[in-house]
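# Remarks on the overall topology
The chain contents come next:
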Amino acid sequence: MLYHLIFYNFALRIVAIIDDWHGYSANVWLRKESFRVMKLRFWAYPLQLQHTFTVATCSRTTTPDVLVSIEHDGIVGYGEASMPPYLGESIESVMAFLSRVNLSQFHDPMMVDDILDYVDHIAPGNCAAKAAVDIALHDWCGKYLGQPLYRIWGLNPANTPFTTYTIGIDTPEVVREKTLEVEGRFRRLKVKVGVAGDHELIESIRSVSSLPLTVDANQGWTDKEKALDEIFWLKEQGVIMVEQPLPKTRLDDIAWLTQRSPLPVFADESLQRLQDVTRLAGCFHGINIKLMKCTGLREAQKMITVAKSLGMQIMLGCMTETSCAVSAAAQLSPLADFADLDGNLLISNDPYEGMKVVDGKITLNEKPGIGITDLR
Ligand code: MG
């Protein structure tokens with residue numbers, strides 16, 4: 001009987017030890033698995049603008065923005081969706097879209113094509129929300145490989161273009177002041193035209209600076225003949241490029257203007273995604289690609305390839321956004337003829353540090369991924 005009891009206790013002890021071990025290994029497995037599952041996080045981060053932003057269609061002092069991170073294997077990639085109101089997305093729509101993105105079904109973030117195809121097919125539109133995932137994923141991959149994206153893509157950082165800096169519509173005194181303030185830091189200035197007072201604005205800049213100017217009419221001109229006269233006048237003022245002169249759907253009139261224009265004419269509002277590029281060949285000399293419009297870096301690369309094959313020039317633009325999205329776009333900038341990547345310089349609450357503008361030129365750093373540091 002005693003032997004039976006001893007044996008019974010011994011057996012119970014063995015069962016308890018096996019149970020403990022199972023519990024422990026199940027825990028370790030669970031912890032390992034959760035470490036390996038891709039986690040998408042997102043939070044609203046409204047951007048505060050340093051100056052009131054005025055274009056032909058509206059004025060504003062803030063821009064809705066959502067920041068994103070993707071974590072996997074202890075590496076965190078950052079992304080961003082910036083939503084100027086005229087593009088139709090909002091903090092609510094981006095948060096709703098991102099809530100539907102289930103990255104836990106993917107086990108390898110390097111499968112960028114599979115993942116972004118899935119994201120693109122969740123719902124149409126939502127381009128800024130999709131760009132946020134695209135940027136975070138590319139940042140993750142670059143960090144995983146320990147290299148900046150431009151190096152992974154084989155691009156020479158010495159070939160980055162100058163970026164323009166936008167001088168907003170204001171009183172002549174303020175315009176002169178702003179121009180003098182950035183003189184020496186930038187080699188190209190950008191001006192919004194197609195609004196009352198644009199000639200005065202350009203003359204005010206010219207009274208204190210001889211820097212080359214680019215202009216953006218934001219569809220603000222309506223008469224093609226008058227637009228052509230305007231472009232000839234602008235050329236005499238040292239303007240080197242014109243963006244979106246006429247309403248976006250008037251492609252025949254834009255083609256007429258482009259054929260006669262002494263300055264290169266670029267599409268912005270007429271262009272959104274890859275499928276638009278081919279039909280714009282012959283209508284414009286070049287296209288302005290923005291990550292928030294085209295769903296991110298993956299599609300932007302394809303647009304650059306198609307546009308170049310059609311003999312079109314490339315401009316890289318941005319919204320008002322943090323150094324996150326600006327630095328992501330900058331990774332592609334060695335492929336661009338023009339760049340307008342000043343969005344991060346227009347806000348007062350940038351939580352990241354990334355691409356720098358040195359003597360007017362986009363300057364890429366050696367950090368992996370999109371090359372940003374979280375300052376928070
Ligand atoms: Mg534009």
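No experiment lies behind these values; they were computed from the predicted model shown.

It is worth spelling out the overall build of the protein chain at this point. When helices and strands are tallied, the protein chain shows 13 helices and 17 strands. Residue pairs at least 24 apart in sequence account for 68% of intrachain contacts in the protein chain once pairs closer than 6 positions are excluded. As presented, the protein chain carries roughly 16,700 Å² of accessible surface, and 56% of it is formed by carbon and sulfur atoms.

Our focus in this paragraph is the coordination of the magnesium ion. Coordination of the magnesium ion by the protein involves D216 (OD), E243 (OE) and D268 (OD), with metal-donor separations of 2.1 to 2.2 Å. Every donor residue of the magnesium ion comes from the same chain, spaced as D-x26-E-x24-D. Taken together, the positions of E243 in strand β9 (residues 239-243) and D268 in the loop between β10 (265-267) and α10 (274-280) put the pair 25 residues apart, joining distant regions of the chain. Owing to a relative accessible area of 0%, E243 belongs among the buried residues under this scheme. Given the relative accessible area of 3%, D268 is considered buried.

This part is about the pairing of strand β12 (residues 313-317). Judged by how many residues are buried, β12 sits mostly within the fold: four of five residues are covered. Two strands pair when backbone bridges link them, and strand β11 (residues 286-290) and β12 are joined in this way by five bridges, in the parallel orientation. By the bridge assignment for β12, I289 is matched with L316. Bridge count for β12 against strand β13 (residues 338-340) is three bridges, and the pairing is parallel. Paired with G317 across the bridge in β13 is D340. Once you follow β12 into helix α13 (residues 323-330) and on to β13, the crossover reads as right-handed.

Attention shifts here to the pattern of salt bridges. Following the criterion strictly, the structure yields 22 salt bridges and no others. In this structure, E173 engages R176 in a salt bridge whose closest nitrogen and oxygen atoms are separated by 3.9 Å. Pair noted here: E173 and R176 are both in helix α6 (residues 172-182), with a separation of three residues, about one helical turn. Judged by its relative accessible area of 30%, R176 falls in the partly exposed class. Between D374 and R376 there is a salt bridge, with the nearest N and O atoms lying 2.8 Å from each other. Judged by its relative accessible area of 53%, R376 is exposed. Each of K190, K192, D216, E243 and D340 takes part in salt bridges that share partners, so that together they form one network.

Here the focus is the sheet that holds strand β4 (residues 65-72). Across the sheet, three strands lie side by side as β1-β4-β5; this open sheet has antiparallel pairing. Whereas interior strands pair on both sides, the edge strands pair on one side only; in this sheet they are β1 (39-44) and β5 (75-82). Within this sheet the neighbouring strands show an average axis-to-axis angle of 20°, counted without direction. Bridge count for β4 against β5 is eight bridges, and the pairing is antiparallel. By the bridge assignment, E71 is partnered in β5 with V76.

The next subject is unusual backbone geometry. With a phi close to 35°, Q244 is a non-glycine residue in the positive phi region. Mapped onto the elements, Q244 comes out in the loop between β9 and α9 (251-260). Q244 sits in the buried class, given a relative accessible area of 0%.

The subject of this paragraph is the side chain of E243. Side chain to side chain, E243 and N288 meet in a polar contact 2.9 Å long. Discounting chain neighbours no more than four positions away, the residues touching E243 are K190, V215, D216, A217, N218, F266, D268, N288 and M315.

A few words on a nonpolar patch on the surface. Residues Y144, L145 and I152 make up a contiguous nonpolar surface patch of about 280 Å² in total accessible area. For I152, a relative accessible area of 37% puts it in the partly exposed group.

With that settled, the discussion passes to the sheet that holds β13. Overall, parallel pairing links the eight strands, which are arranged β6-β7-β8-β9-β10-β11-β12-β13 in an open sheet. Looking at which strands have only one partner, the edges of the open sheet turn out to be β6 (164-167) and β13. Across the sheet, the axes of successive neighbouring strands diverge by a mean angle of 30°, strand direction being ignored. The sheet contact formed by β6 and strand β7 (residues 188-192) spans four bridges and is parallel. The residue of β7 that forms the bridge with I167 is V191.

Now for the pairing of strand β8 (residues 213-216). Burial along β8 is two-sided: L213 and V215 facing one way and T214 and D216 facing the other are all buried. Pairing analysis gives four bridges linking β7 to β8, with the strands arranged parallel. By the bridge assignment for β8, V191 is matched with V215. Tracing the backbone out of β7, into helix α7 (residues 198-206) and back to the parallel element β8 gives a crossover that is right-handed. As defined by bridge partners, β8 adjoins β9 across four bridges and the pair is classed as parallel. In the strand pairing of β9, V215 is matched with V242.

Rules and cut-offs
- Residues numbered from 1 in each chain as written.
- Predicted model: local features only at pLDDT ≥ 70, side-chain atom pairs only at ≥ 80, totals over all residues.
- Heavy atoms only, no water.
- Helix = DSSP H or I, 4+ residues; strand = E, 2+ residues; numbered from the N terminus.
- Contact = heavy atoms within 4.5 Å.
- Areas by Shrake-Rupley, 256 points an atom, 1.4 Å probe, with all protein chains shown as cover.
- Donors = N, O, S within 2.8 Å, 3.2 Å for Na, K, Ca; no water.
- Buried < 20%, exposed > 50% of the residue type's maximum accessible area, 1.4 Å probe, protein only.
- Pairing = 2+ DSSP bridges.
- Right-handed = clockwise from strand over helix to strand, strands pointing away.
- Salt bridge = Lys/Arg side-chain N within 4 Å of Asp/Glu carboxyl O.
- Axes fitted to C-alpha atoms, helices over the stretch in contact; angles between N-to-C directions.
- Polar contact = N/O pair within 3.5 Å; in protein donor to acceptor, adjacent residues only side chain to side chain.
- Patch = residues over 30% accessible without salt bridge, like charges linked within 9 Å, V, L, I, M, F, W, Y side chains within 5 Å.

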